[in-house]
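Breakdown of the fold
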Amino acid sequence: MINKIVEFSLRERLLIFTLVIALIVGGLFAFKHLDIEAYPDPAPPTIEVIAQNPGWSAEEMERQVTLPLETQLNGMPGLSVIRSISLFGLTDIKCYFDFGTDYTVDRQEVLNRIQQASLPPGVQPQLSPESAIGEIYRYQLIGDQRYSLMDLKVIQDWTLERQFKQVPGVIDVVGFGGPTKEFHVDLDPRKLIQYGVSITQVMNAIANSNANVGANYLEVGHQSFNVRGIGLFKDEHDIENVMIVSKNGTPLYLKQLGRISVGEKVPLGRVGRDEDSNIVEGIVLMRPGEKSLPTLERVREKVAELNSRILPKGVKIVPYYDRTKLINITTSTVTHTLVTGMIFVSLIIIAFLGQLRASLIVALTIPLTLLFTFIIMTLRGDSANLISMGAIDFGIIVDASVVMVENICRHLAERAKSSLAKDMIITEAAREVGSAIFFSTSIIVAAFIPLFTMRGVEGKIFGPMAVTYGLALTGALVMAFFFAPAASSSLLKIEEEKETAIVRGIRRVYSTALNSALEHAELTLAFSIVILCGALVVLSSLGGEFMPKLEEGNLWVRATMPSTISFTYANQLVDKMRRVFKEEPEVTTVVSQLGRPDDGTDPTSYFNCEFFVDLKPRDQWRPGMTKEKLVSALETRLRELFPGVTYNFSQAIEDNVEEAMSGVKGENSIKLFGDNLEELDRLSRQIAMVMKSVPGITDLGILTELGQPNLLIRIDRERAARYGLLPSDINGVVQAAIGGQAVTQVLDGEKRFDVVVRFLPPYRNTVEAISEIPVSTPDGSFVPLRDVAEINEYTGASFIYREKNARYIPIKFSVRGRDLQSTIAEAESKISQQIHLPDGYRYEWAGEFQELQEALARLKVTVPVSLAIIFTLLYIHFHNLRNVLLVLSALPLALVGGVISLFVTGTNFSISAAVGFISLFGVAVLDGVILISYIEDLRRGGLALAEAVKKGAELRMRPVLMTALSAAIGLLPAATATRIGSETQRPLARVVVGGMVTAPMLILLVLPALYLLINRRSA
């Protein structure tokens, strides 16, 4: 089969070169349309449900909203887990579905289920537009002195939100910050008593005074008139003139009972930037599954249109975060490492072959293979990202063409005085290595089976890389069998080959070392075993982590204040914190988000503040300053100035992904499960005390669920009954008088603003004032609230976490200055020894550690399966069990350099490093197959065992070194890169570079010695 392919490529050279030109054109077109992302979305299909009921406590939200919704959502097809948070006025439920399920189907299933839940009147659950990597664009809306902050908020809510939703790929825009406009009716309870009017009468009168009606149509002559009754409010003056009651022909107007004004909604959050303590922010959210760059381009076009044509004069959108910047930087990093790697590989080929034309043929296979990959990826609809493209080693990609062209060059040189035609020589050379190339490439693909079979988070991250690598290897195989022979026939000459000075020098050293290794085969084998054992010892001492951090060029800092803090005081602290961040020279801007927006899409309260800290490019930082030092300096300064506040340092995308995966606002966490909140609080404090003693654990904090002061107004049913009052009558007064009740809306064109009724501040701002709130009785008299209810203070829950229908309390933490795996292992050991959990209570690790354990557990299954497939392929190739085992012995030899490289550079073992070892094993098998296959061919040709081993090793020294060094040099730029976007590539690249430096020496010395030793004994 291989011979026929080579003969076809030689016979139809013109067709092959035409197809190559078409490949170049098609590849460039595909690259232009290829979707590029900074980072793959690792989250499973997640549908988030939010439901609000302003003023309700966390316990009431859990009991009356969260539990009914959870019950209804359980049992959905493909549902993996349900997590929820209940807090003041808000329920947030995240439904995580299995990877591979259809997002649209999952979304529809959730919509169907929530409509069937039995909820309190007025509670309308809805789906949140948020997703793990959906926040692609952030901006500040600014205006000149003609526009108040409330005016800007109105523009954001009623103009910009609608405009951005028209952009294809955008699912929603979250407006955050600035006062939300309302019409306030602040009643004076003394006037209500004076005029004998209840608050219920006032609310009914307002609602009934705000309506338009249609009265069909009226024919007047030959015309038809639509009949309309107009009674809608236009402004606050209309509201003032609402008639409440009429006594003896004298109307009582609303303005006589209190104050009517335009005011702001009770704030649940605030956004500040640099020196501005209150701004209007917009967050553009991309629809799950959409492509970032095209969507962002359309968003920028919409911003330009809004600024130039739609927004009022003096109002402008000013962006401060655009995902395009990160994508461009990471793309530049990948491009730099790829281009540099291609150049290095080309230089290696020239240095070893010495023929510019042969080197050109091999070098051309690199861009051709890449263009082939782009075409298939575009046809499949795949996205390219930092990991999938940055992990491609062109040294490994060109290995097939290196072996093919090197063997063709050698055969042409050996047959320089022969009468055979060039094409016959090329065909013979291709036949000699064709089988080894095909099976070796198949084995490299088989080595990636663990990546193809990965599921969950690691599958979403590394699956695209496996597909991309598989496509690239397929393209490399096509180039080796079709393009390389045709190009060699056209460009190479039949002439004697002169080895380069580099090859001659290496060969002299290698021949001496080989002779010594073969003469002392037992000692060589023993020495390799000692080295291997040492590498295994070093491997066991390496730290472990799930994935290196992708540098985003920013900080996302979460400050968790005491849950009882007031909104006003929290604002004062946040303003001071922003100034601390801004004092650092590396910081360009700081945006603080305190609490949550009005739509409840961020389930938190104003004890939580999140800071977006944008950083300058690294070349503009102070000499010697690193991100680790910057974080340490900021944390020290913040802890000194604001004791009692805990901090968590992350990055914008990373933080969203971590929260989406674990359900907790923190990098890592322990989830302590149990029913009783008091017991959970006690046990969590004990666990936190133990974890404080573990080196490496930072940002430790308990997301305390208890401690929220509540003012309980407990109705005394007997006393209320004496006045003819029902609990609902009293609760209605409490809700409206204190919290405010939206009774209708003012329509202003397309805008809608609530009309809220409540008491004037002096009559609701203290416990004493609340106790005097007049409650209207059925006979028209009034009774103070204290006479029908008990008013006392009570400490309750700030928020309640749930997962799998059980309560839990999170203990968040980060790990810095130490690897994740050993840190968690020590913490786990100490907790199990020092903490005794009562029956019904348990804990789980969540976050990166959980993902690392799941990935390693899956690798323990898939790696043996991959090795079994490799074993089968080798046996099909050799039909000899002894040779199969010999080739497989190259795998542990390849391990040595990779382990040493990680140890010397201080790099932790991670899934990225594991992928590097998989690549390393594939190349090691390739080299082993090339070496053993040729030795077997020489023995079949009649050479004695020792002579065949020596000659085979010497003749295969060049292709083995070329393939190994090409692989190492191809990833050397990635192994040493420090630019943004290089973090995830480095562990993989360092493993391959280190392994490919030591593997050729061990394979070219130990494998011949082992072959000689085994076959000599069997003979």
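The name given to the chain in an unreviewed UniProt entry is Heavy metal efflux pump, cobalt-zinc-cadmium, with the source organism recorded as Pyrinomonas methylaliphatogenes. Quoted verbatim from the Subcellular location (unreviewed entry) field of UniProt, the annotation for the chain is "Cell membrane". Recorded in UniProt for the chain, the comment headed Sequence similarities (unreviewed entry) runs: "Belongs to the resistance-nodulation-cell division (RND) (TC 2.A.6) family."

Another point: the overall build of the chain. Counting secondary structure elements, the chain contains 34 helices and 32 strands. Dimensions along the principal axes, computed over C-alpha positions, put the chain at roughly 130 × 85 × 55 Å. Burial analysis of the chain (1019 residues in total) assigns 56% to the buried set. Here the analysis covers contacts within the chain between residues at least 6 apart in sequence; of these, 80% occur between residues at least 24 apart. Carbon and sulfur atoms make up 56% of the accessible area of the chain, which amounts to about 42000 Å² in all. Between the averaged position of the 99 positive side-chain charges in the chain and that of its 109 negative side-chain charges there is a distance of 5 Å.

Orientation of helix α14 (residues 399-414) relative to helix α33 (residues 957-976), taken along the N-to-C sense of each, is 155 degrees, at an axis distance of 10 Å. Viewed along their axes, α14 and α33 adopt a mutual orientation that is roughly antiparallel. Where α14 crosses over α33, the two elements pack in a sense that is right-handed. Contacts from Asp-399, Val-402, Val-403, Glu-406 and Arg-410 of α14 reach α33 at Arg-958, Pro-959, Met-962, Thr-963 and Ser-966. When grouped by side-chain class, the residues that make up the contact of α14 with α33 number four nonpolar, two polar and four charged.

Leu-451, Leu-874 and Met-996 are the most contacted members of the largest nonpolar core, which totals 136 residues. It is helix α31 (residues 911-940) that provides the largest number of residues to this core, a total of 18 residues. Both domain 1 (1-33 + 354-496) and domain 4 (499-541 + 880-1018) contribute no fewer than three residues apiece to this core. Once residues within four sequence positions are removed from consideration, Leu-451 is found in contact with Phe-462, Gly-463, Met-465, Ala-466, Val-915 and Ile-918.

Another aspect to go through is the environment of Gly-470. With respect to the helices and strands, the residue Gly-470 is situated in helix α17 (residues 456-491). As a C-alpha pair, Gly-470 and Thr-441 span 29 residues in sequence and 9.7 Å in three-dimensional space.

What follows covers the pairing of strand β22 (residues 668-673). Most of β22 is tucked away: six of the six residues are buried. On β22, burial covers both faces: Asn-668, Ile-670 and Leu-672 on one face and Ser-669, Lys-671 and Phe-673 on the other are all buried. As judged from the six bridges shared by β22 and strand β32 (residues 842-847), these two strands associate in the antiparallel manner. Note that in β32 the partner of Ile-670 across the bridge is Trp-845. Sheet topology places β22 next to strand β31 (residues 806-815); six bridges connect them, and they run antiparallel. Within β31, the position partnered with Leu-672 by the bridge is Ile-809.

What follows concerns the pattern of salt bridges. Going through the model one piece at a time under the given rule, you end up with 45 salt bridges. For Arg-380, the salt bridge goes to Asp-382, with nearest N and O atoms at 2.6 Å. Arg-786 is the salt-bridge partner of Asp-787, the closest N and O atoms lying 4.0 Å from each other. For Asp-787, a relative accessible area of 26% corresponds to the partly exposed category. Connected through salt bridges with shared partners, the residues Glu-62, Glu-70, Arg-802 and Arg-807 form a single ionic network.

Quick look at the sheet that holds strand β18 (residues 554-560) now. Pairing is antiparallel in the open sheet, where five strands are placed in the order β14-β19-β20-β18-β21. Edge strands, defined here as strands with exactly one partner in the open sheet, are β14 (269-273) and β21 (646-650). Each adjacent strand pair in this sheet contributes to an overall mean axis angle of 15 degrees, direction not counted. Bridge count for β18 against strand β20 (residues 608-615) is seven bridges, and the pairing is antiparallel. Within β20, the position partnered with Asn-554 by the bridge is Asp-614.

Attention shifts here to helix α11 (residues 356-380). For α11, spanning 25 residues, the distance from its first C-alpha to its last is 37 Å, which sits close to the expected 36 Å at 1.5 Å a residue. Of the residues one or two after α11, Gly-381 is the one with positive phi, at around 80 degrees.

A full pass over the atoms with the stated rule returns 16 aromatic pairs. Ring plane angle 50 degrees and centroid distance 6.4 Å describe the contact between Tyr-137 and Tyr-139, whose orientation is recorded as tilted. What makes Tyr-137 buried here is its relative accessible area of 2%. In this structure, Lys-181 is placed above the aromatic ring of Phe-753, and the distance from its NZ or CZ to the ring centre is 4.6 Å.

For the rest of this paragraph, the subject is the sheet that holds strand β13 (residues 258-264). With respect to topology, four strands assemble into an open sheet ordered β13-β8-β26-β25, the strand pairing being mixed. Pairing within the sheet leaves two strands with one partner each, and these edge strands are β13 and β25 (741-748). Across the sheet, the axes of successive neighbouring strands diverge by a mean angle of 25 degrees, strand direction being ignored. One ladder, built from seven bridges, connects β25 with strand β26 (residues 751-759); its direction is antiparallel. Along β26, the bridge assignment pairs Thr-744 with Val-755. Against the sheet, helix α5 (residues 149-165) engages β8 (181-187), β13 and β26, with an angle of about 125 degrees to β26. The sheet strands contacting helix α7 (residues 199-208) are β8, β25 and β26, and the helix crosses β25 at an angle near 20 degrees.

Glancing now at helix α9 (residues 292-310). Residues Ser-292, Thr-295, Leu-296, Val-299, Lys-302, Val-303 and Leu-306 constitute the buried set of α9. Each buried residue of α9 sits inside an arc of 115 degrees when the element is viewed along its axis, so together they form one side. Those residues of α9 that are exposed and aimed more than 90 degrees away from the buried face are Ser-308 and Arg-309.

Calculation criteria
- Residues numbered from 1 in each chain as written.
- Predicted model: local features only at pLDDT ≥ 70, side-chain atom pairs only at ≥ 80, totals over all residues.
- Heavy atoms only, no water.
- UniProt positions renumbered as here; feature names shortened; annotations may be inferred.
- Helix = DSSP H or I, 4+ residues; strand = E, 2+ residues; numbered from the N terminus.
- Buried < 20%, exposed > 50% of the residue type's maximum accessible area, 1.4 Å probe, protein only.
- Contact = heavy atoms within 4.5 Å.
- Areas by Shrake-Rupley, 256 points an atom, 1.4 Å probe, with all protein chains shown as cover.
- Lys, Arg positive; Asp, Glu negative; His and termini not counted.
- Charge placed at Lys NZ, Arg CZ, Asp CG, Glu CD.
- Axes fitted to C-alpha atoms, helices over the stretch in contact; angles between N-to-C directions.
- Parallel < 35°, antiparallel > 145°, perpendicular 65-115°, else oblique.
- Left-handed = near helix turned anticlockwise from the far one by under 90°.
- Nonpolar A, V, L, I, M, F, W, Y, C, P; charged D, E, K, R; others polar.
- Core = buried A, V, L, I, M, F, W, Y, C linked by side-chain atoms within 4.5 Å.
- Domains from an automatic or database assignment.
- Pairing = 2+ DSSP bridges.
- Salt bridge = Lys/Arg side-chain N within 4 Å of Asp/Glu carboxyl O.
- Expected span 1.5 Å × (residues − 1).
- Phe/Tyr/Trp six-rings, centres within 6.5 Å; stacked < 30°, edge-to-face > 60°.
- Lys NZ or Arg CZ within 6 Å of the ring centre and 35° of its normal.
- Arc of directions from axis to C-beta.

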